[in-house]
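A structural walkthrough
Each chain, written out:
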Amino acid sequence: MLSQNHLHVSLLYIVLLTGTKYGCGGGGCGACTVMVSRYDQLHNRVLHYTVNACLQPICTLHGSAVVTVEGIGSTKTKLHPVQERIAKAHGSQCGFCTPGMVMSMYTLLRNKPHPTMEDIREALGGNLCRCTGYRPIIDGFKTFCDVSNAFNLFPQASCLIQSTCLLTNHISDELFHMDNVLPLDPSQDLIFPPELMKRACGSLCFQGDRLKLISPVDLTNLLELKTEYPEAPVVVGNTTIGTNLLLCHLLFVIYLLCVHVHAGVSVGAVCTLSSLKEEMEMAVREMEAERTRGYQALLQTLRCLAGKQIRNMATIGGNILSANPKYDLNSVLAALDCTLQVMSKENGTREITLNEELFTGFGKTALRPDEVLLSIDIPYSKPWEFVSAFRQAQRREFAFSIVNAGMKVVFKEGSNIVESLNIYYGGVGPTLVKVGRTLTPQALRCSALGRCATQEAACRFSDHVSLFHFKTSDIDPSEALGMTGVVTFLSAGDVPGQNRRMWFNNPEELFAEEEVTCVGQIIGAVVAESREQARRAAQRVKVTYQDLLPVFFTIEEAIQHQSFFDPKRKLERGDMDKAFETVDQILEDEIYLGGQEHFYMETQGLIAVPKGENGELELFVASQHAAYTQEVVGITLGIDSNKITCHVRRLGGAFGGKVMKILSSESDITYYSNGGCTLDESSFIMEKALLHMDNAYRIPNLRGRGLVCKTYLPSYTAFRGFGGPQGLMVMESVLHEVAVKCGLPPQKVREINMYREEECYTHHKQLFSPRDMLRCWDECLDKAGYHDRLQAIQQFNTYNRWKKRGISAVPMKFGVGFSKGFYNQGAALVNIYKDGSVLVAHGGTEMGQGINTKALQIAGRILKVPMSSIHIKETCTGNVPNAAPSAASFGTDAVGMAVKDACEKLMRRLKPVMENHPKYTWQQWIVEAYCQKVSLSATGFFLGPHTGVDWENSEGTAYYYFTFGACCSEVEIDCLTGDHKNLRTDIVMDVGESLNPALDIGQIEGGFVQGIGLYTIEELQFSPEGVLMTRGPSQYKIPALCDVPPQLNVHLLANAQNPHAIYNSKGIGEPPVFLASTIFFAIKEAVAAARRERGLGDSFPLSSPATAERIRMACEDQFTEMAPSPKKGTFKPWSINI
Ligand SMILES: Cc1cc2nc3c(=O)[nH]c(=O)nc-3n(C[C@H](O)[C@H](O)[C@H](O)COP(=O)(O)OP(=O)(O)OC[C@H]3O[C@@H](n4cnc5c(N)ncnc54)[C@H](O)[C@@H]3O)c2cc1C
Ligand code: FES
Ligand code: FES
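Residues numbered from 1 in each chain as written. Chains lettered and ligands numbered in written order. Predicted model: local features only at pLDDT ≥ 70, side-chain atom pairs only at ≥ 80, totals over all residues. Heavy atoms only, no water.

1. Description of the overall build of the protein chain
Secondary structure assignment for the protein chain yields 32 helices and 45 strands. Sorting the 1138 residues of the protein chain into buried and exposed places 59% on the buried side. About 47700 Å² of surface is accessible on the protein chain, with carbon and sulfur atoms providing 52% of the total. (Helix = DSSP H or I, 4+ residues; strand = E, 2+ residues; numbered from the N terminus. Buried < 20%, exposed > 50% of the residue type's maximum accessible area, 1.4 Å probe, protein only. Areas by Shrake-Rupley, 256 points an atom, 1.4 Å probe, with all protein chains shown as cover.)

2. Thoughts on a nonpolar patch on the surface
Side chains of Val-487, Leu-490 and Val-527 sit close together on the surface and give an oily, nonpolar patch of about 220 Å² of accessible area. Topologically, Val-527 is positioned in strand E26 (residues 524-528). (Patch = residues over 30% accessible without salt bridge, like charges linked within 9 Å, V, L, I, M, F, W, Y side chains within 5 Å. Salt bridge = Lys/Arg side-chain N within 4 Å of Asp/Glu carboxyl O.)

3. Section: the site of ligand 1
Contacts to ligand 1 come from 31 residues, most closely from Val-236, Thr-239, Thr-240, Thr-315 and Asp-328. Between ligand 1 and Asn-238, the relevant distance is 2.9 Å, taken from an oxygen atom to a main-chain nitrogen or oxygen of the residue. Between an oxygen atom of ligand 1 and a main-chain N or O atom of Ile-241, the distance comes to 3.0 Å. For ligand 1, whose unbound accessible area comes to 980 Å², protein coverage reaches 93%. Elements with a contribution of two residues or more to the shell around ligand 1: strand E8 (234-235), helix H11 (316-321) and strand E15 (372-377). By residue number, the principal contributor to the shell around ligand 1 is H11, which donates three residues. (Near = heavy atom within 4 Å. Polar contact = N/O pair within 3.5 Å; in protein donor to acceptor, adjacent residues only side chain to side chain.)

4. With respect to the UniProt feature "binding site: [2Fe-2S] cluster 2" (unreviewed entry) in the protein chain
Residues annotated in UniProt with the feature "binding site: [2Fe-2S] cluster 2" (unreviewed entry) correspond here to Cys-94, Cys-97, Cys-129 and Cys-131. Spatial clustering of the annotated residues is evident: they stretch over 38 residues in sequence, but the largest pairwise C-alpha distance comes to 9.5 Å. With respect to the helices, strands and loops of the structure, Cys-129 is situated in the loop between helix H4 (117-123) and helix H5 (135-141). Residue classification places Cys-129 among the buried residues on the basis of a relative accessible area of 5%. Dropping the residues within four chain positions of it, Cys-129 is found in contact with Cys-97, Met-101, Tyr-134, Ile-137 and Ile-1038. (UniProt positions renumbered as here; feature names shortened; annotations may be inferred. Contact = heavy atoms within 4.5 Å.)

5. Brief notes about the sheet that holds strand E32 (residues 644-648)
Pairing is mixed across the open sheet formed by four strands, whose spatial order is E30-E31-E32-E41. At either margin of the open sheet sits one strand with a lone partner, and together these are strand E30 (606-610) and strand E41 (875-876). As judged from the five bridges shared by E30 and strand E31 (residues 617-621), these two strands associate in the antiparallel manner. Residue pairing for E31: Leu-606 is matched across the bridge by Val-621. Seen against the sheet, helix H19 (residues 626-637) touches E31 and E32 and runs at an angle of roughly 145° to E32. (Pairing = 2+ DSSP bridges. Axes fitted to C-alpha atoms, helices over the stretch in contact; angles between N-to-C directions.)

6. Focus: the state of the cysteines
In total, this model carries zero disulfides according to the counting rule given. Of all cysteine sulfurs, the one in Cys-1042 lies closest to Cys-304, which takes part in no disulfide; the gap is 8.8 Å. (Disulfide = S-S within 2.5 Å.)

7. Quick word on the sheet that holds strand E34 (residues 702-709)
Hydrogen bonds between backbone atoms are what pair the strands of a sheet, whose relative direction is either parallel or antiparallel. Spatially, E29-E34-E33 is the arrangement adopted by the three strands of the open sheet, whose pairing is mixed. Where the open sheet ends on each side, the last strands, each with one partner, are strand E29 (569-573) and strand E33 (668-674). Neighbour-to-neighbour, the strand axes of this sheet turn through a mean angle of 10°, independent of strand direction. Examined bridge by bridge, E29 and E34 share five bridges and lie antiparallel to one another. Within E34, the residue paired with Arg-573 across the bridge is Leu-702. Helix H21 (residues 724-742) rests against E33 and E34 of the sheet, and its axis sits at about 140° to E33.

8. Comments concerning unusual backbone geometry
Cis geometry marks the peptide bond from Asp-566 to Pro-567, where omega comes out at 0°. For the bond running from Ser-1104 to Pro-1105, omega is 5°, close enough to zero to count as cis. With a phi angle near 50°, Phe-722 is a residue other than glycine that sits in the positive phi range. Structurally, Phe-722 is set in the loop between E34 and H21.

9. Looking at H21
Taking 1.5 Å per residue as the helical rise, H21 with its 19 residues ought to reach 27 Å, and the 27 Å between its terminal C-alpha atoms agrees with that figure. Of all 19 residues in H21, 15 are buried; the element is thus mostly enclosed. Gly-743 sits one or two residues past H21 and shows a positive phi near 70°. (Expected span 1.5 Å × (residues − 1).)

10. Notes on the nonpolar core
Ranked by size, the top nonpolar core spans 150 residues in total, and within it Phe-141 and Phe-1008 carry the most contacts. Examining the composition of this core, we find that nine residues originate from one element, helix H30 (residues 1077-1093), more than from any other. When residues of this core are assigned to domains, at least three map to each of domain 1 (7-149 + 179-196) and domain 5 (751-810 + 961-1122). With sequence-adjacent residues up to four places away left out, Phe-1008 is seen in contact with Cys-967, Ser-969, Thr-985, Ile-987, Pro-1045, Leu-1048, Pro-1072, Val-1073, Leu-1075, Ala-1076, Thr-1078 and Ile-1079. Ranked by size, the runner-up nonpolar core spans 53 residues in total, among them Ala-855, Phe-890, Val-913 and Trp-922. (Core = buried A, V, L, I, M, F, W, Y, C linked by side-chain atoms within 4.5 Å. Domains from an automatic or database assignment.)

11. So, the packing of helix H28 (residues 997-1017) against H30
Interaxial distance between H28 and H30 falls to 7 Å at its minimum, and their mutual angle equals 40°. Comparing the axis directions of H28 and H30 gives the class oblique. The segment H28 lies against H30, with Phe-1008, Ile-1012, Tyr-1015 and Thr-1016 engaging Ser-1077, Thr-1078, Ile-1079, Phe-1080 and Ile-1083. When its residues are assigned to classes, the contact of H28 with H30 shows six nonpolar, three polar and no charged. (Parallel < 35°, antiparallel > 145°, perpendicular 65-115°, else oblique. Nonpolar A, V, L, I, M, F, W, Y, C, P; charged D, E, K, R; others polar.)

12. Structural notes on the pairing of E32
Across the five residues of E32, four count as buried, placing the element largely inside the fold. In the sheet, E31 pairs with E32 via four bridges, with the strands oriented parallel. Residue Leu-617 lies in a different strand from E32, and its bridge partner there is Ile-644. Of the crossover connections in this fold, the one passing from E31 over H19 to the parallel E32 is right-handed. (Right-handed = clockwise from strand over helix to strand, strands pointing away.)

13. Concerning the environment of Lys-112
Position of Lys-112 relative to the elements: it lies in the loop between helix H3 (98-111) and H4. At 2.7 Å, the side chain of Lys-112 forms a polar contact with the side chain of Asp-119.

14. Overview of the packing of aromatic side chains
Scanning all chains against the criterion turns up 17 aromatic pairs. Taken together, a centroid distance of 5.9 Å and an interplanar angle of 65° make the contact between Phe-386 and Phe-411 edge-to-face. Taken together, the positions of Phe-386 in strand E16 (residues 385-393) and Phe-411 in strand E17 (residues 401-411) put the pair 25 residues apart, joining distant regions of the chain. Given a relative accessible area of 34%, Phe-386 falls into the partly exposed group. Judged by centre distance (6.4 Å) and plane angle (50°), the rings of Trp-802 and Phe-1119 are tilted. Placement of the pair is Trp-802 in the loop between helix H24 (786-799) and strand E37 (803-816) and Phe-1119 in helix H32 (residues 1118-1122), with a sequence separation of 317 residues. (Phe/Tyr/Trp six-rings, centres within 6.5 Å; stacked < 30°, edge-to-face > 60°.)

15. Side note on the pairing of strand E42 (residues 937-943)
A one-sided burial pattern is seen for E42, the buried positions being Ala-938, Gly-940 and Phe-942 and the unburied ones Ser-937, Thr-939, Phe-941 and Leu-943. The pairing of strand E38 (residues 825-832) with E42 spans seven bridges and is classified as antiparallel. By the bridge assignment, Leu-829 is partnered in E42 with Thr-939.

16. Re the pattern of salt bridges
The tally for this structure, following the rule as stated, stands at 57 salt bridges. Between Arg-311 and Glu-122 there is a salt bridge; the shortest N-O distance is 3.3 Å. Of the two residues, Arg-311 is situated in helix H10 (residues 308-313) and Glu-122 in helix H4; the sequence distance between them amounts to 189 residues. Across the pair Lys-803 and Asp-974 runs a salt bridge, and its minimum N-O distance is 3.7 Å. Of this pair, Lys-803 sits in strand E37 while Asp-974 sits in strand E43 (residues 961-974); the two residues are 171 residues apart in sequence, bridging distant segments of the chain. Overall, Lys-803 belongs to the partly exposed group, its relative accessible area being 33%.

17. Section: the side chain of Thr-301
As for its placement among the helices and strands, Thr-301 is situated in helix H9 (residues 293-304). Contacts of Thr-301, omitting those with residues within four sequence positions, involve Asp-328, Leu-329, Val-332, Ala-389 and Arg-391.

As C-alpha cells, this is what we get:
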C-alpha cells in the first residue's frame, strides 16, 4: 500500500529488500539495477530488461514483474550461477556494486544464455565499481561465454602469479578455479507471473497530497489530459524528469504516464533508446550500406550514450524534447533532416522539422503545451550523402557529452563538389547550434575545447553563495518547523556536549557558531520523519548572512594573501644552495594536480540507538575509525566513551573518506595544497607527500617545502595514498622534464638516478634496500617488452598524423604504516567456544580490502582449524577498544599480528592438553581445556614500530617498511579531439610473500584504476563562487569498464621477502594508485610526438588530470590557433583552478 507521500517515489524506496543498493539516486552508478519483465501483447512475448530502480517510478510498474537480487538466489538458499561466479572470481570487494552487476548479467543471460564478450561489455556499461578495477568481474562473467566468444576484453587478465596457499602450501598459478561451478540452467529461472499476461490495460490515477499521476488509456485520452493539464510533463522513461525532481524538489507536479505509440517506418516517440539501437542495427545489417549511413552514425552515438539500464528506460521522444544540448541525439537527427509528428486534441497532427528552431531555450521547445510528440521520421541516406556523428565526453562511455555533433555532407553525383553541408553542434550553447558562416571563433573554441555555455548555464542554477558572518539569532527555522513530518531543528546551541572536535589541537565545529567559512558548511539540522521531508524543510530554514571579505578559493590567491596553516614543513638532503651554484642548468617549472573525490559507492550512514539506561548509546556506523567515532560522539553529547558502543560490520568502500571526513596540490620543490577552511588531515597529507618525494631516486641534493593553503573552500579529507601519489607524481614530472631538457629518454634518466646500493638512505635518512624495487623495474620493462614496443610506437607515430601513441614506465617506493608512530598498533580478541568454534574480533574495519579474510587465514593457520570454524562478526568498540583507523596500508599488518598473538597465546594454553591427549579432535581438546579451567579467551596486541620524523633535522624512520612496484602503460590519443585510449598496462608489484594473492591483486587493480581516475578523468570543478559543481556521477566521472586497459597484466614479484610484517607479506592498499601516473606520462609522450611533428618543443605544461580538453590544447595546431585563450581578467571563468 503506497502512502500518499510515496506516489512519486522510485521503486527503490518501496521495495524494502536491502539487496538493491541506493548509490547515487540519479541513474549514474547502476547499484540499484533490477530486472523488469513485461508482457508484450503485440508479439506475444515477455520482455526482460534492466532498469535503475532509483529512477523507476513505482506507479509505472503496473502489470510488470520485478526481480531483485534476492529473487535469483542467496547464500541462505542457493546461489545463482551469476552470483557464484562473481564471488569465485573475486569480483566483489566491498560488495556494494555487486547486486547491480549481478542483475545486469542475470538479465543478459535471461535474454541470451550464450552471450559474447561484447554483450557482456554492453550489459555492464552502466554499472560502476569503485573497488575492483572491473577485471575480476569480467573474468567471472566471461565464463558464461562460449570459449569461441570469449575474446577481446582482458585477454591476458588472468594475473600471472605463482601463489602459495597459506593454509595448504599448495602452489597454484591461477587466481580461481571454475571447476564444479553451477551450470546455467534457464529452466530454473523465475517464470513471468501468468496473471500479468491477462491484465486489462485501463486508465490509472494516483492522487497524493503533492502530486497526481494519471496513466491514460490511449492516445485520445492522453490528448484530452494534455489539454486539461497543459503544463504537466509526460513521463515516459523518467530519466530526465526523475533526476530533475530529485535536484529541484519540484512541487505539485501532475504526471501523465504515456502510452505506447507504434513505430512504423518512422520511430515512435516512446521507442526506448535500446529498441532504437536494435532497430538501427537490424537496418544496418539488412539494408544496403549506402542507405543506412545515417543509421550508422546514430548507432555510433547510441553505443556510448548512457548505460544499458538508462537506454532501456529512456525514450527517443524524451531525449529530443528534454531540449538539453548535452543530450546526443538532436545534433545527429537534425543533421539527418528528421521531421517530428506532433499532435494535440484541438489542432490535430502537424509536422515540424527537427532543427535549431525547434529549441527555444535550455529545456524548452517550440511545441505547444497541449501537444505531444507522436513519432520521428528518420530518412534513409541517399547516394552521395555521407553522415558522421561525434561526441566527446569526460569518459568514453556512460557520460554526458561535453560536445556532440551531427554532420551530413552531400556531394554532387560522381564528383567531389559539395552540394550541401549540414553540421549541428550540441553542448556549445544553451540550445542546438547549426553551423553556418556565422560560426564565431568563440563557438569554434567551445566545440574544439569542450568549454561551453551549457556549463555556464548550469552554474547559474547552482547556489550562489557569498561569505558571510552570521549570528545564531539570524537563523529562523519557524517555517520549516511548521511543515508536515518535521520534528525539530538543531543548531550549535542545542549540542549538549562540545560543538567542536579536536584533531591534533585543531578545532572543527559541528554546527557553525559565528562564522561560515565555506559553501556547504553545516549550520543546523532538520529532524523529520522521512529524508524527503527533512530535505524540503531544510530549504525553508531562513539564514541571514553578513558578507565578510576577503574571500578566496585558489592556491594562487592563498599565496597572495599568505594564508597558510601551520605547521609548514621542510625536508632537505645535501646542500641545495651550494648545489645550485655549481649546476650546469637550472630548470624551473610547475605542475598542478587536481583533487579526487572518494566516490565510495555506499554513502555515509549512521544509526544511533539510545539504550535508555545511563545515557548508553549504540552506534551502527560505516566508519574506518570506529574508536574515533565513539570518541567524537561522546564529546559532542557529553557522554563517556564507556557508555557508547560503536559497531562496524563492513563498509561499502571508503578509501580514506570514512576516517574523518582531497588533496589538490624539486631538487628544490615547493608543494602547495589547498587545505580549505579547516586543517583536517591536510598537514599530515603534506608530510606524506614530502616523505615520498624522492620516490625511487637518489638525488643527492633534494629539498621540499610543504605549505597547506587556508582558503574558503570546504575542507576535504584524505584519499587513498594520503599525499603519496601527489608527492611521487611531482618527482616523476621533474625527471620527465629533466629528460626533455637533456634530450634523453625519460626511462634512461629514471635509471640513472635510481637508488642502487644494497643499503640506501632516503632523503629523510631511513635505511632500506632497493633490491626488490630494482627487480620490479627490470621485470616490468622486460614483461612489457618496453624497448620493442617503444620502436613500434615510434613507427606508428610516423605513419599517423592525428593519432599518436605513447609509452611510459615508472618505478615506485611507497612507505607503509603511519608516520605518527602511536597509530602503529593493533589489537584483537579471540574466543574459542565449547563446540570448538572460534570467534575473532579485531580493531580493523572491513571495507572490501579483505582484512577479515586475511585475519581468518591467520587464525586458521595458527589454531590449525578450517576457516569455516572461525567467524568474525563485526568491529565493535566494546570488544576491541581504542583501535587505530584501518588506513596507511597498515590494517592487515597490525590486525594480523594481533590475531596471531592472541591465537598463539591460546595455543600455548592448549599445548599441555594437546600433548596429554594426542588423539583428541580439536573439539575434544577444547572441551577438555574447559573442564581443566583453561581460559579460552585471549586478547592479542601488536606493538608496531616507533616511527616518527624530526622535521627540524630532516631525519627519521617515517615508515615501517616500503612496498615496491613498477608499471608500464601505453596509450593512444586523438590529437583532434583530445580523446585517449588506454591500450596496455603491465604491473610488477612486490607484496612480499602474499597472504592472499587474489586479494592483493584485487587491491593492485582496484588502486590502479582509481589512479586512472585521479590522473586522467576525475576533475573537480568549482564555480568562481566556491561552489563544487561536479556533484554526483552525472558530473563527476570515475573510471568505468571502458577505461580499463584491455590488456592489464599484473605480476607479483616472486621470491620477495619482508621480515618486518606478518608472514613476510607487505601492505598493498595505497601504493598502486600512483602506478596509473604511467598513463599520464604516456599521454604526455604521445602529445610530445604530435607537437614534434609540428615543430613544437617537447616541453609543455600539462596539468593532472589529463582530460580531453587539456590533451587537445596541448596538441597545438592550426585549429587551436583559431581559438586562442582569452586573456586572464577579461572574462569570468565558469570554473576555477583551485
Ligand atoms: C545517468 C544518465 C545518463 C545519461 N546519459 C546520456 C547520454 O550520454 N547522452 C544522451 O543523449 N542522454 C543521456 N541521458 C539522458 C537520457 O537520454 C534522457 O533523459 C532520455 O532520453 C529522456 O527520455 P525519457 O523517456 O526518460 O524522458 P522523460 O524524463 O520521461 O521526459 C523528458 C521530457 O520529455 C517530455 N516528453 C517525453 N516524451 C514526450 C512526448 N511523447 N510528447 C511530449 N513530451 C514528451 C516530457 O514531458 C519531459 O519534459 C542520460 C540520462 C541519465 C539519467
Ligand atoms: S542508485 Fe540508481 S543508478 Fe545509482
Ligand atoms: S566492490 Fe564494486 S564498489 Fe565495492
